[in-house]
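Chain residues, written in single-letter form:
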Amino acid sequence: MQKKYSWYSLLKAGLGNQEWDQAIPLSKPKSKYDVIIIGGGGHGLATAYYLAKECGITNVAVLEKGYIGGGNTGRNTTIIRSNYLRDEASSLYEHSMRLWEGLSEDLNFNVMFSQRGVYNLGHTLQDMRDIERRVNANVLNGVDAVVVDHKEIKEQIPIINTSKNARYPIMGASFQARAGVARHDGVAWGFARAASNLGVDIIQNCEVIDFEIDGGRIKGVKTTQGDIMADRVGCVSAGHSSVVAKMAGLRLPVESHPLQAFVSEAMKPILHTVVMSNAVHGYVSQSDKGDLVIGAGIDGYNSYAQRGSAKIVEHCAAAILELFPIFSRVRMNRQWGGIVDVCPDACPIISPTKVEGLYFNCGWGTGGFKATPGSGNVFAHTIAQDKQHELAVPFHIDRFTSGALIDEHGAAGVAH
Amino acid sequence: MFLIDCPYCKESRDQNEFSPAGEAFIARPQNPEELSDDEWADYVFYRTNHKGDHWEQWVHTNGCRKYFLVKRSTISHEILEVAAFGEVTSENKS
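Draft legend 1. Region of the structure containing the overall build of chain B. A tally of helices and strands in chain B yields 1 helix and 6 strands. Ordered by position from N to C terminus, the α and β elements of chain B give β-β-β-α-β-β-β. When its C-alpha atoms are laid out on the principal axes, chain B stretches across 45 × 25 × 25 Å. The burial tally for chain B puts 36% of its 94 residues in the buried class. Summarising the internal contacts of chain B: among those between residues at least 6 apart in sequence, 46% fall at separations of at least 24. Of the roughly 5400 Å² that chain B leaves accessible, carbon and sulfur atoms contribute 46%.

So, in structure tokens, the structure goes:
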């Protein structure tokens, strides 16, 4: 297997028209690891990568019940931003943003991170007050953010409807220039490849069916590919976190909901940035392939079905057409759902548990993709040192007992 | 999308008329003064989030506006049972 991609390797393989090497080796599980990560999505693979790269723990397995990046990593709308209101949240997402900014070079894999900016629209005076408050908080926290009015928005995005006669007229927006999008599959593949180059085993089609716990301490896991021992186990299983937690006899303060998205057929470039609106509830960008990527909201009921209600699609399409009447005849190509585990305060849990050696990284809800590198990074340090990374401290599961919640619902909990 | 039989209206209506109202059978503690922080956290925030047949509450928002109980599969969305409060309890639920 080719260890490193370069212009030379591209030229050589391209000119020779030879078979391209497999990017990631297929591994079978060994009987024992230092650390097992349950869940081969972006966050799990990133955790394994940073364990190997920054914590010196390379005897690591990532167990994925399907194929890597087949869950929410491959189902989101790829938006990356760090303009969160609360200090705790914005520090974590900004940490992630800084990792995104060097990620392709770091992984030696093009994740197509494109800092094309994100507009979060405001439609009412209260929206605009909230936006100003959030932008000011962002600036104090070293996160780039500005408030723009509807004229500037129209200048930047000529196809947007800023008419005063709109049902929810656009009054202004916050704009984060460093925000953007990345190729979600590429992120999973890049982390998997870089981690396996450092010695991590990426094991697909390997579902964890039970835990081995002795005297309150984790000993290993039972899987569909046999028993595997480990001193430490990190669970990064998103929508199925409650299911995994139950195997260890734990309960979590999360509920799983379907979150939907859809893409149009590919078109010529028409939208160069990302536009989000909490008030009408839709968000849209155009991928490098040319399709419009549109994100909707969650269904209110619990589900593990990876599909949602038609009314959510209708509501979202109405919101997008309110913003962009020009899209009214665009044909949609695909629609899908993912299962997101939502915390009461719309913030994640990055935490040890009552079982010694068992850690959970979950509750990212509707906005986990943007945090992929940062989440993996702080979770890796949390597992390696058996002590929460300083940025992860506010995200301890005990906050639901102490009451120290991180209230991001008003600021960021709706559209991600 | 699915249809729900409202136990009060006695009609099968579109899911859009209803709103989900969370997990069923979460009883408000009888002895709030004596509860520990852990017990409060469990009551307020922790949920079963069951994968499979799940008892939950719905409200007929655009109909009779009454709350009732639904047993629904969180895997297939199939509705298995609908009941008014009191008809099914945490003791006698299927």
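Alright, that's what it looks like, and here's the rest.
Draft legend 2. Up close: the side chain of A:H257. Residues and elements named next belong to chain A. Looking at the secondary structure, you find H257 in strand β12 (residues 255-264). There is a polar contact of 3.4 Å between the side chain of H257 and the backbone oxygen of G300. A distance of 2.9 Å separates the side chain of H257 from the backbone oxygen of Y301, its partner in a polar contact. Excluding its chain neighbours within four sequence positions, the residues that come into contact with H257 are I298, D299, G300, Y301, N302, S303, G338, I339, V340 and V342.

Draft legend 3. Molecular detail of the pairing of strand β1 (residues 32-38) of chain A. All names here are of chain A. Along β1, 5 of the 7 residues are buried, which leaves the element largely enclosed by surrounding structure. Summarising the sheet, β1 and strand β11 (residues 226-235) pair through 6 bridges and their orientation is parallel. The partner of I37 across the bridge, within β11, is G234. Note that β1 and strand β2 (residues 60-63) share 4 bridges and pair parallel. Along β2, the bridge assignment pairs V35 with V60.

Draft legend 4. Quick look at the sheet that holds strand β16 (residues 332-342) of chain A. Residues and elements named next belong to chain A. Across the sheet, which stays open at both edges, the 8 strands sit in the order β5-β6-β4-β13-β14-β15-β12-β16 with mixed pairing between neighbours. Where the open sheet ends on each side, the last strands, each with one partner, are β5 (146-149) and β16. Looking at each pair of strands side by side, their axes are set apart by 20° on average, direction ignored. Two elements, strand β14 (residues 282-286) and strand β15 (residues 292-298), share 4 bridges in a ladder whose sense is antiparallel. Among the inter-strand pairings, Q286 is bridged to a residue of β15, identified as L292.

Draft legend 5. A look at a negative patch on the surface. A cluster of acidic residues, A:D398, B:D37, B:D38 and B:E39, forms a negative patch at the surface. Tracing the backbone through its elements, the reader meets B:E39 in helix α1 (residues 37-44).

Draft legend 6. Spatial organisation of the environment of A:I160. Among the structural elements, A:I160 can be located in the loop between α6 (150-156) and β6 (172-176). Each residue touching A:I160, except ones within four places of it in the same chain, is listed here: A:L121, A:I153, A:K154, A:I170, A:V275, A:L323 and A:F324.

Draft legend 7. Structural detail: the packing of aromatic side chains. Residue and element names in this part refer to chain A. Scanning the entire structure with this criterion turns up 18 aromatic pairs over all chains. Through a chain of ring-to-ring contacts, three or more aromatic side chains come together here, namely Y49, Y50 and F191. Here the basic side chain of R193 rests over the ring of Y5, its NZ or CZ set 3.7 Å away from the ring centre.

Draft legend 8. Main features of the sheet that holds strand β4 (residues 53-59) of chain B. All names here are of chain B. Strand order in the open sheet formed by 4 strands is β3-β4-β5-β6, with antiparallel pairing between adjacent strands. The strands lining the two open edges of the sheet, one partner per strand, are β3 (19-23) and β6 (79-83). Going from strand to strand, the sheet's axes swing by 30° on average, the running direction of each strand aside. Note that strand β5 (residues 67-73) and β6 share 4 bridges and pair antiparallel. Across the sheet, the residue bridging to L69 is A83, located in β6.

Draft legend 9. Seen up close, the interface of chain B and chain A. Across the boundary between the two partners, chain B contributes 25 residues, which contact 28 residues of chain A. Roughly 2300 Å² is buried in total at the junction of chain B and chain A, and carbon and sulfur atoms are behind 50% of that figure. Together, B:F45, B:Y46 and B:N49 form the three largest contributors to the area buried by chain B at its contact with chain A, with a combined 31%. On the surface where chain B and chain A come into contact, there are 1 salt bridge. Between chain B and chain A we count 14 residue pairs in polar contact (both at pLDDT 80 or more) in total.

Draft legend 10. The packing of helix α3 (residues 87-101) of chain A against helix α10 (residues 372-385) of chain A, seen in detail. Residues and elements named next belong to chain A. The contact between α3 and α10 brings their axes to 7 Å, and the two run at 110°. What the angle tells us is that α3 and α10 run roughly perpendicular. In contact with L92, H95, S96, L99 and W100 of α3, α10 contributes T372, P373, G374, N377 and V378.

Draft legend 11. Examining the state of the cysteines more closely. Residue and element names in this part refer to chain A. Under the counting rule described, the total for this entry stands at 0 disulfides over all chains. Here C206 is not cross-linked by a disulfide; its sulfur's nearest cysteine counterpart is in C235, at 13 Å. With no disulfide of its own, C362 has C343 as its nearest cysteine by sulfur position, at a separation of 6.2 Å.

Draft legend 12. Molecular detail of the pattern of salt bridges. This model, assessed by the stated rule, comprises 18 salt bridges over all chains. Linking A:D144 and A:R178 is a salt bridge whose minimum nitrogen-to-oxygen distance equals 3.0 Å. Residue A:D144 is found in the loop between α5 (125-140) and β5, and its partner A:R178 is found in the loop between β6 and β7 (180-181); the two are separated by 34 residues along the sequence. Here A:D144 falls in the partly exposed class, since its relative accessible area comes to 23%. The partner of B:R72 in a salt bridge is B:E56, and the shortest N-O contact between them spans 2.4 Å.

Draft legend 13. Structural context of the packing of helix α2 (residues 42-54) of chain A against α10(A). Residue and element names in this part refer to chain A. Two elements in contact, α2 and α10, have axes separated by 7 Å at closest approach and are oriented at 55°. One finds that α2 runs oblique with respect to α10. For the element pair α2 and α10, the recorded crossing hand is right-handed. Here G42, H43, A46, T47, Y50, L51 and E54 of α2 lie close against α10, whose contacting residues are T372, P373, S375, G376, N377, F379, A380, H381, I383 and A384. Tallied by class, residues from the contact of α2 with α10 come to 8 nonpolar, 8 polar and 1 charged.

Calculation notes
Residues numbered from 1 in each chain as written. Chains lettered and ligands numbered in written order. Predicted model: local features only at pLDDT ≥ 70, side-chain atom pairs only at ≥ 80, totals over all residues. Heavy atoms only, no water. Helix = DSSP H or I, 4+ residues; strand = E, 2+ residues; numbered from the N terminus. Buried < 20%, exposed > 50% of the residue type's maximum accessible area, 1.4 Å probe, protein only. Contact = heavy atoms within 4.5 Å. Areas by Shrake-Rupley, 256 points an atom, 1.4 Å probe, with all protein chains shown as cover. Polar contact = N/O pair within 3.5 Å; in protein donor to acceptor, adjacent residues only side chain to side chain. Pairing = 2+ DSSP bridges. Axes fitted to C-alpha atoms, helices over the stretch in contact; angles between N-to-C directions. Patch = residues over 30% accessible without salt bridge, like charges linked within 9 Å, V, L, I, M, F, W, Y side chains within 5 Å. Salt bridge = Lys/Arg side-chain N within 4 Å of Asp/Glu carboxyl O. Lys, Arg positive; Asp, Glu negative; His and termini not counted. Charge placed at Lys NZ, Arg CZ, Asp CG, Glu CD. Phe/Tyr/Trp six-rings, centres within 6.5 Å; stacked < 30°, edge-to-face > 60°. Lys NZ or Arg CZ within 6 Å of the ring centre and 35° of its normal. Buried area = accessible area lost by both parts, 1.4 Å probe. Parallel < 35°, antiparallel > 145°, perpendicular 65-115°, else oblique. Disulfide = S-S within 2.5 Å. Left-handed = near helix turned anticlockwise from the far one by under 90°. Nonpolar A, V, L, I, M, F, W, Y, C, P; charged D, E, K, R; others polar.

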